[in-house]
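# Coordinate inspection notes
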Amino acid sequence: MKTIVHVNQHVIKSNRKHDKIDPVLTVKTYKTNDYAHEVEIEGPCRIIYRPDKPLSCGAHVWIETKSAVKTIQK
C-alpha cells in the first residue's frame, strides 16, 4: 500500500500564531489520514518535489513509500 507523508505548512503557521504544538506531519493512505510530530519509515522511500502537479491537499513536496510508516506523537 502506498503511503504519502507531507508537512502541513498551514498547521506550522497556525502553531506559531496561536503558540500551539499541533502535529504538522500528515501520513496518508488510501483509507486514512494520520497526524504526527515524527514518523519513522521502515524501508525505502522517495522524496518528490512537483510544483507543477501538487497533491490535492496542495503539497508540492512529499515522501512516498510502500514500506511501513510508524507515527510518533509527543
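Report on the accompanying structure. Note that the coordinates shown come from a computational prediction; the quantities given were computed from them, not determined experimentally.

## Structural notes on the pattern of salt bridges
Inspection of every chain in the model, using the stated rule, returns three salt bridges. The salt bridge involving Glu64 is made with Lys2; its shortest N-O contact spans 3.9 Å. Residue Glu64 is located in strand β6 (residues 61-65), and its partner Lys2 is located in the segment before β1 (3-7); the two are separated by 62 residues in the primary sequence. For Glu64, a relative accessible area of 12% gives the class buried. Note that Lys20 and Asp22 form a salt bridge whose closest N and O atoms lie 3.2 Å from each other. Judged by relative accessible area, Lys20 falls into the partly exposed class, the value being 40%. By sharing partners, the salt bridges in this structure join Lys2, Arg46 and Glu64 into a single network.

## Examining the pairing of strand β3 (residues 33-36)
The pairing of strand β2 (residues 25-28) with β3 spans four bridges and is antiparallel. Each residue of the ladder has a partner; that of Leu25, found in β3, is Ala36. As consecutive antiparallel partners, β2 and β3 are separated by four residues.

## Looking at the environment of Lys17
Note that Lys17 resides in helix α1 (residues 9-18). According to the relative accessible area criterion, Lys17 is exposed, its value standing at 68%. Sequence-wise, Lys17 and His60 are 43 residues apart; in three dimensions their C-alpha atoms are separated by 23 Å.

Reading the values: the criteria
- Residues numbered from 1 in each chain as written.
- Predicted model: local features only at pLDDT ≥ 70, side-chain atom pairs only at ≥ 80, totals over all residues.
- Heavy atoms only, no water.
- Salt bridge = Lys/Arg side-chain N within 4 Å of Asp/Glu carboxyl O.
- Helix = DSSP H or I, 4+ residues; strand = E, 2+ residues; numbered from the N terminus.
- Buried < 20%, exposed > 50% of the residue type's maximum accessible area, 1.4 Å probe, protein only.
- Pairing = 2+ DSSP bridges.

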